[in-house]
Amino acid sequence: MSVPALSPTHRVAAILAPVFALRHEDDLGCGDTRALCEFIDWAVEYGFRIVQILPINETGGDHSPYNAISSMALDVTTLDLRPRLIPELTAVDCAKEYARAGLHELRTGPVRWPAVKELKWRLVERAFDRFEARTKPERRRAFEAFRARHAAWLRDYTLYRALMERNAGRERFDDWEPGQQSIEDARGWLAALDEATRAAFERRRAFFAYAQWLLWTQWEGVKEHANARGVAIMGDIPIGVSYYGADFYAHPEYFEPGWSGGAPPEPAFKDDLFVQRWGQNWGIPVFNWTAMARDDFAWWRQRVAGVRDLFHIFRIDHILGFYRLYSFPWRPSENHVFAPLSPADAAAQTGGRLPQFLPRDDSTPDHCEQNLALGDKLLRVILESAQPALLVAEDLGTVPAYVRPHLASLAVPGFRIPQWEINHEGNYVPGRDYPRLSVATYATHDHEPLAAMFQRWEQAVRDEAAGVPEAQGAGHTIRTEAWKLAEFAGLPEDRRFEGWNDFTHEGLVEGLFASESWIAALMITDLLGLPDRFNVPGIASDGNWNRRLAFSAAGMRRDPAIAGKMARMAALVEKCGRKIE
């Protein structure tokens, strides 16, 4: 079956769901490739033709999918470890490890990342031992073919990953053993080892390559499954990678020393004085575009080819960073030091450097022209490398005037979030005026779901009525915003202040589906009308990046409330012209 969602001539509906949040009846405490395939089957039953996920690259101690330790390696937590998929595993292996891990506890509540990773790595270890001892020749040939095909990144990744394991799992290579803190030194260290020690170390490199072979094979299978169901999978490329990951370790020359990427100040972050004053310091390394150009952007071409092989469409997070990236001359760990300082005092601490856009800001027409030229060069490289996959641009934030026209000229869809699309009269731009080449959504993974927003509004109105000082004046603002949102959705005037209920929820969904945008996407929480949130930006919280859905796909079919809700959603998909037979 073809995948019609790939053509903007067909308006389609999409669901965004993090893989870790998904369930199946026998999962190991975290969503995996099996859970995603079952979710795809569930989504297509209701007329959805795109399933969007968050990045699936390997993470370290920070489990944010936007701070991966490799731009190419996939995370072991996504692996489906059933013996029928991995011949080197047995049911006895699995039963022993399940008993040791306490599977019931793992499946309850949020993702327990350390425990899930430990369990899955132990199972991969058992499989690798048996693979080395008595694998079939055709399996060994397939593994060696994978290693050869992915050698350009796999060699450096396995060196980094085996050294990280040798250094107690610490990603911060500045703290590794002497002789291992740079890749040049590490290669010399490895060459100087005695034969037996070097052979043992190379075995660990082979182990990490084996894990990647299993992962890439399964994810290629997920794409094949989606093809068979006529569904497109939308992947995600973060703008950055971890400062202490395999990419920076292998290619420090690709990054600007001493700079940390982020976003400019945001007055909307009322509870975060640092973000209001200085901006968001994400801690990602800043690209040295001049250095990357010397080998024709080989690192980016490799990265894009990877997602092209696994997904039909992919979203690039913070596409604005391809034109210019807001950058800090200090790491996030030092934010508390700079938070109370004046610009002059901060500059005194950094040798005169202050947060700024790199390679330049947009303060002059000449700067704008140069930034546009840079973005054009980079995006053409990405589009060329992506064929036949399609690119979607997350163009949100402080957007220069030249960005959206440029994306349109390249036929790259950007995002439209109704609450942020304001016309000259101060109202929300009607969905009928959205460009066809766009993705309409109420929220991304960084935003509160609709239900949570309405609950926050309703609480503020109650607080105002109770005389809470901080809430005074909130009622008028909230009623205005609620009216605008209801007007965008086309809700009747006499029902625009009902608060959060099925009528409001489904009316808002219909308003989004009725827009002219090629893709109308809903987070799974917004689709089901849940207030649960996957991430609160700028806050290091145990509640980020670990929330799971209450039900598997099979469980959602069995639950009468969810089944009823989804039947109505399917009707809206069809009513708004987004159903494709």
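The structure contained in this document is the topic of the report that follows. Only a predicted model underlies this, so the values are computations on that prediction, with no experimental measurement involved.

Describing the environment of Ala452
Here comes step 1: Relative to the helices and strands, Ala452 resides in helix H17 (residues 450-465).
Here comes step 2: Put simply, Ala452 and Asp526 are 74 residues apart on the chain and 9.5 Å apart in space, counted from C-alpha to C-alpha.

Quick notes on helix H14 (residues 343-350)
Here comes step 1: Every buried residue of H14 is accounted for by Ala346, Ala347 and Thr350. The buried side chains of H14 occupy one side of the element, clustering within an arc of 100° when seen end-on. Turned more than 90 degrees from where H14 packs its buried face, Ala344, Ala348 and Gln349 sit exposed.
Here comes step 2: Those residues of H14 that are buried are in contact with helix H13 (335-338).

What to know about the sheet that holds strand S2 (residues 50-52)
Here comes step 1: The eight strands lie next to each other as S9-S6-S3-S2-S1-S12-S11-S10, forming an open sheet whose pairing is parallel. Each of the sheet's edge strands pairs with one partner strand only, and the pair in question is strand S9 (390-393) and strand S10 (414-416). With direction set aside, neighbouring strand axes in the sheet form an average angle of 30°.
Here comes step 2: Bridge count between S10 and strand S11 (residues 438-441): three bridges; the pairing is parallel. The residue bridging Phe415 from the neighbouring strand is Val439, located in S11.
Here comes step 3: Here helix H1 (residues 33-45) sits on the sheet and contacts strand S1 (12-16), S2 and strand S3 (232-237); the angle it forms with S2, its principal contact strand, is near 140°.
Here comes step 4: Docked against the sheet, helix H19 (residues 502-513) engages S1, S11 and strand S12 (519-523), running at close to 150° with respect to S12.

Here we look at the sheet that holds strand S8 (residues 356-358)
Here comes step 1: Taken together, four strands build an open sheet; the order of strands is S5-S4-S7-S8 and the sheet is antiparallel. Looking at the sheet topology across the chains shown, the edges are occupied by strand S5 (280-287) and S8. Between one strand axis and the next, the sheet turns through 55° on average, direction left out of account.
Here comes step 2: Note: strand S4 (residues 255-263) against strand S7 (residues 325-328), three bridges, orientation antiparallel. Across the sheet, the residue bridging to Gly262 is Tyr326, located in S7.

Overview of the side chain of Ser517
Here comes step 1: Here Ser517 is to be found in the loop between H19 and S12.
Here comes step 2: If we skip the residues at most four places from it in the chain, Ser517 touches Arg11, Tyr434, Pro435, Arg436, Ser438, Val439, Ala440 and Arg578.

Notes on the pairing of S7
Here comes step 1: Of the two faces of S7, the one lined by Leu325 and Ser327 and the one lined by Tyr326 and Phe328 are each fully buried.
Here comes step 2: By the bridge criterion, three bridges tie S7 to S8 in an arrangement that is antiparallel. Bridging from a neighbouring strand, Ser327 pairs with Gln356 of S8.

Focus on the pattern of salt bridges
Here comes step 1: The final tally for this structure, using the stated rule, is 46 salt bridges.
Here comes step 2: Arg161 is the partner of Glu58 in a salt bridge, and the nearest nitrogen-oxygen pair spans 2.8 Å. A residue pair is termed long-range when its members are at least 10 positions apart, and Glu58 in the loop between S2 and helix H2 (91-101) and Arg161 in helix H6 (residues 151-166) qualify at 103 residues. In this structure, Glu58 and Arg161 share a single accessibility class: buried.
Here comes step 3: Taking the shortest distance from any N to any O, the salt bridge between Glu132 and Arg203 comes out at 2.6 Å. Note that Glu132 is positioned in helix H4 (residues 113-134) and Arg203 in helix H8 (residues 195-229), a separation of 71 residues in sequence.
Here comes step 4: Each of the salt bridges in this network shares a partner with another, and the network as a whole consists of Asp93, Glu97, Arg100, Glu118, Arg122, Arg126 and Arg130.

A short note on the layout of surface pockets
Here comes step 1: Looking at the second largest pocket, its volume works out to about 410 Å³.
Here comes step 2: Contributing to the lining of the second largest pocket are 23 residues, with Lys117, Glu118, Trp121, Arg161 and Met164 lying nearest its centre.
Here comes step 3: If you list the elements that add at least two residues to the lining of the second largest pocket, you get H4, H6 and H8.
Here comes step 4: Residue contributions to the lining of the second largest pocket peak at seven residues, all from H4.
Here comes step 5: When the residues that make up the lining of the second largest pocket are grouped by side-chain class, the tally is eight nonpolar, five polar and ten charged.

A few points about the packing of H6 against H8
Here comes step 1: Viewed as axis vectors pointing N to C, H6 and H8 meet at an angle of 120°, and their least axial separation amounts to 9 Å. As summarised for this structure, H6 and H8 are arranged oblique, according to the angle between their axes. Crossing geometry of H6 relative to H8 is assigned as right-handed. Contacts between H6 and H8 pair Trp153, Leu154, Arg155, Tyr157, Thr158, Leu159, Arg161, Ala162, Leu163 and Glu165 from the former with Phe201, Arg204, Arg205, Phe208, Ala209, Gln212 and Trp216 from the latter.

About the criteria used
Here the residue numbering is sequential within each chain, running from 1 through the sequence in written order. With pLDDT at 70 or above as the cut-off, local features in this predicted model cover only qualifying residues; side-chain atom pairs require 80 or more to be listed or tallied, and sums for whole chains, interfaces and linings still use all residues. The basis for the side-chain values is all heavy atoms of the structure; hydrogens and waters are excluded. Working definition: helices are DSSP H or I runs of at least four residues, strands are E runs of at least two. Numbering for both runs from the N terminus. In this scheme, a residue with accessible area under 20% of its type's maximum is buried, one over 50% is exposed, and one in between is partly exposed, where area comes from a 1.4 Å probe on protein chains only. Throughout, the arc means the angular range of directions from the helix axis out to the C-beta atoms. When checking whether two residues touch, look at their non-hydrogen atoms; a contact exists if any pair is within 4.5 Å. We call two strands paired when DSSP finds no fewer than two bridges between them. Angles here are taken between N-to-C directions and fall from 0 to 180 degrees, while the axes themselves are lines fitted to C-alpha atoms, restricted in helices to the stretch in contact. Here a salt bridge means any side-chain nitrogen of Lys or Arg lying within 4 Å of a carboxyl oxygen belonging to Asp or Glu. With a 1 Å grid laid over protein atoms only, a set of points is called a cavity when a 1.4 Å probe fits there but cannot get out and a pocket when it is open yet has protein on both sides within 12 Å along at least five of seven lines; lining residues have an atom within 4 Å of a point. Grid points are joined across faces, edges and corners, and a volume is the space filled by probe spheres set on the points. Three residue categories are used. Nonpolar comprises Ala, Val, Leu, Ile, Met, Phe, Trp, Tyr, Cys and Pro, charged comprises Asp, Glu, Lys and Arg, and polar comprises the others, including Gly. Should an angle fall under 35 degrees it is called roughly parallel, over 145 degrees roughly antiparallel, and 65 to 115 degrees roughly perpendicular, with every other angle called oblique. Each crossing gets its handedness from the near helix: less than a right angle anticlockwise from the far helix is left-handed, clockwise is right-handed.

This is a description of form; function is not addressed.
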